[in-house]
Amino acid sequence: MPTAILTYAIALLTGVMIGGFVNICIDRFPKKVSFTKKPFCENCNAELPWHDAIPLVSFLLLKGRCRSCGAKVNIQYPLVELANGILYVLVFMANGCNFQSAVYCLMTSAFLVISIVDERTQEIPFPCNVFIGGLGVIACVYDFPGWKELLARLIGAVIIFIVLYLLANFGLMGGGDVKLMTISVLLLGWQNVTLAFFMACIIGSVIHVIRMKVSKAGRVLAMGPYLCLSLWICCFWGGDMINWYLSTLVG
């Protein structure tokens, strides 16, 4: 088997398995449920044995139903698990097989949690921001950016925090959004985060206007999903987009 195919297969399997924990975070952060509690059925509250909690596999074997009460399992679970696996594959395809890609995969899972929770509750889980900050520290320890770039990122984080904090005071952003963008600078660099902010504003505005027209969505916009999407895109292709834009200015 070619090395690339094996790498992608492992990434997919790992992503699906971690996707099970992503689902737990999505469910338990808003409800403040302890992570020490074993997986349970939302309908009958019966604890799930380990063989009924295997990501994606258990859903398929049980035909999407609880073994105890027969209630349908929320389709969110297999979709999130599969999406997490596919996104892991895309990370390795975009960034290659290296330790950096492993860090970016974990970042991707955190973005997935943030996107779904914020869309549902208008609140970004603080532990996710802490986790992304921890990934940024790991990236710096392993010298992804280099020490000069690290200093630039720290300065950039302070500047971005001040600007976004002022926007939040005018009601244009939430506090969780400010924390997310600030802490992401340590991992992705201030250039990518700045580009991601403008991308998120454009994408979010267009999509939300469409949603208001089509599905009568309210005027309140959850920025988390659009910020995470833009940060993820800029993580891999932000440099190319910035270089292209600067080249058009010079040309």
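Residues numbered from 1 in each chain as written. Predicted model: local features only at pLDDT ≥ 70, side-chain atom pairs only at ≥ 80, totals over all residues. Heavy atoms only, no water.

S.K.: Can you walk me through the side chain of Ser 58 in this structure?
M.R.: Along the chain, Ser 58 turns up in helix H2 (residues 57-61). Of the residues examined, Ser 58 reaches a relative accessible area of 4% and is grouped as buried. One polar contact links the side chain of Ser 58 to the main-chain amide nitrogen of Ala 53, over a distance of 3.4 Å. Residues contacting Ser 58, with those up to four places away along its chain left out, are His 51, Asp 52 and Ala 53. (Helix = DSSP H or I, 4+ residues; strand = E, 2+ residues; numbered from the N terminus. Buried < 20%, exposed > 50% of the residue type's maximum accessible area, 1.4 Å probe, protein only. Polar contact = N/O pair within 3.5 Å; in protein donor to acceptor, adjacent residues only side chain to side chain. Contact = heavy atoms within 4.5 Å.)

S.K.: Could you clarify how one ought to interpret unusual backbone geometry in this entry?
M.R.: Both trends apply: most residues other than glycine have a negative phi, and most peptide bonds are in trans. The phi angle at Lys 32 is positive, at roughly 60°, despite the residue not being glycine. If you check the backbone angles, Lys 63 has positive phi at about 55° while not being a glycine. Turning to its location among the elements, Lys 63 is positioned in the loop between H2 and helix H3 (76-95).

S.K.: I'm lost on the packing of aromatic side chains in this one. Help?
M.R.: Geometrically, a pair of aromatic rings is defined through the distance of the ring centres and the angle of the planes. Tallied over the full model, the rule gives 8 aromatic pairs. Taking the centre distance of 5.2 Å and the plane angle of 70° together, the rings of Trp 232 and Phe 236 count as edge-to-face. A residue pair is termed a helical-turn pair when its members lie 3 or 4 positions apart in one helix, as Trp 232 and Phe 236 do in helix H9 (residues 224-250) at 4 residues. Side by side, Trp 232 and Phe 236 carry an identical accessibility label, which is buried. Where Trp 232 meets Trp 237, the ring centres are 6.0 Å apart and the plane angle is 65°; that geometry is what we call edge-to-face. Judged by relative accessible area, Trp 232 falls into the buried class, the value being 12%. Overall, Trp 237 belongs to the partly exposed group, its relative accessible area being 37%. A connected cluster of aromatic rings, assembled from ring pairs, spans Tyr 104, Trp 232, Phe 236 and Trp 237. Sitting over the face of the ring of Phe 40, Lys 37 holds its NZ or CZ atom 4.9 Å from the ring centroid. (Phe/Tyr/Trp six-rings, centres within 6.5 Å; stacked < 30°, edge-to-face > 60°. Lys NZ or Arg CZ within 6 Å of the ring centre and 35° of its normal.)

S.K.: Is there a simple way to think about a nonpolar patch on the surface in this case?
M.R.: Residues Leu 12, Leu 82, Ile 86, Leu 90 and Met 93 make up a contiguous nonpolar surface patch of about 410 Å² in total accessible area. For the nonpolar patch, the leading source of residues is H3, giving 4 residues. Tracing the backbone shows Met 93 in helix H3. (Patch = residues over 30% accessible without salt bridge, like charges linked within 9 Å, V, L, I, M, F, W, Y side chains within 5 Å. Areas by Shrake-Rupley, 256 points an atom, 1.4 Å probe, with all protein chains shown as cover. Salt bridge = Lys/Arg side-chain N within 4 Å of Asp/Glu carboxyl O.)

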